[in-house]
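As a plain string of letters, each chain reads:
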Amino acid sequence: MLSVFAGLGLGLSLIVAIGAQNVFVLRQGIRREHVLPVVIICALSDALLIAAGVAGLGVVISAAPWLVIVARWAGALFLLAYGIIAARRAWRGGAELRADPEPREGISPAPDAGRVATATRTGTRISLGPVIATVLALTWLNPHVYLDTVLMLGSIAATHGDERWLFAAGAMAASILWFTALGFGARYVGRWLRTERSWRVLDALIAVVMITLAVSLVLPVLTP
């Protein structure tokens, strides 16, 4: 059990830090759009990466560092593009947290009664396909996921010997707990996002985070 808790603690310490993936999950949770598929994809992706690290993929990455360089540039370009899109949303506006009436059988809804808050952007809802493509890109094009989740976590798991898969199970549990809490818990901050202005501020912050992360990915390559 010590290996399980060790994996749980390390997994949480690596995943809780603010990053592009967490920001996207948070935004989807606040908008209440396709939260379950996003959470499943993030947790399942982490589980696959953790399993790969424990199984020895970290050795391959160490032997072929160019793979990380390719992922670094691809991830930076994607984050930059996503940041520009978020900045465009912040500039144009058009999103708000709208309360829609929830009908009750045999009862006419009274004002402010039985109402649920849903995030909308000019009355439209993003389809599932683009959301899945985005979360997959934010997950698998992030070079840090290979350095942290695969290489570092895989190396530490190896120190647990025969219990390395218990360590991996703890790290996988950390991902499930975190993404579930982040995705489904985000709705409780919706009360502060009922106006278009608040959504523009949120998108502006997302743009800053994404563009900053994009620059941080390529900066080590560009600077001697």
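Residues numbered from 1 in each chain as written. Predicted model: local features only at pLDDT ≥ 70, side-chain atom pairs only at ≥ 80, totals over all residues. Heavy atoms only, no water.

## Quick look at the layout of surface pockets
Part 1: Considering only enclosed or pocket space, the largest pocket measures out at about 510 Å³ in volume.
Part 2: Contributing to the lining of the largest pocket are 24 residues, with Leu14, Ile15, Asn142, His144 and Asp148 lying nearest its centre.
Part 3: Mapped by element, the contributors of at least two residues to the lining of the largest pocket are helix H1 (2-15), helix H2 (20-31), helix H3 (35-55), helix H6 (128-140), helix H7 (143-158), helix H8 (164-185) and helix H9 (196-222).
Part 4: Per-element tally for the lining of the largest pocket: the top contributor is H7, with five residues. (1 Å grid on protein atoms, 1.4 Å probe; cavity = no way out; pocket = protein on both sides within 12 Å on 5 of 7 lines; lining within 4 Å. Points joined across faces, edges and corners; volume = space filled by probe spheres on them. Helix = DSSP H or I, 4+ residues; strand = E, 2+ residues; numbered from the N terminus.)

## Quick word on the confidence of the model for the chain
Part 1: Looking at the chain, pLDDT values average 76 and 79% of them are 70 or higher.
Part 2: The low-confidence segment residues 97-123 (pLDDT under 50) makes 45 contacts with residues lying over four places distant or belonging to another chain. (pLDDT = per-residue confidence, 0-100. Contact = heavy atoms within 4.5 Å.)

## Details of the environment of Trp91
Part 1: With respect to the secondary-structure elements, Trp91 resides in helix H5 (residues 66-92).
Part 2: Looking at Trp91, the relative accessible area reads 72%, which means it is exposed.
Part 3: Taking the C-alpha atoms as reference, Trp91 lies 9.5 Å from Val201; in sequence the two are 110 residues apart. (Buried < 20%, exposed > 50% of the residue type's maximum accessible area, 1.4 Å probe, protein only.)

## A word on the side chain of Glu33
Part 1: Mapped onto the fold, Glu33 is located in the loop between H2 and H3.
Part 2: A relative accessible area of 0% places Glu33 in the buried class.
Part 3: At a separation of 2.9 Å, a polar atom in the side chain of Glu33 contacts the side chain of Arg31. (Polar contact = N/O pair within 3.5 Å; in protein donor to acceptor, adjacent residues only side chain to side chain.)

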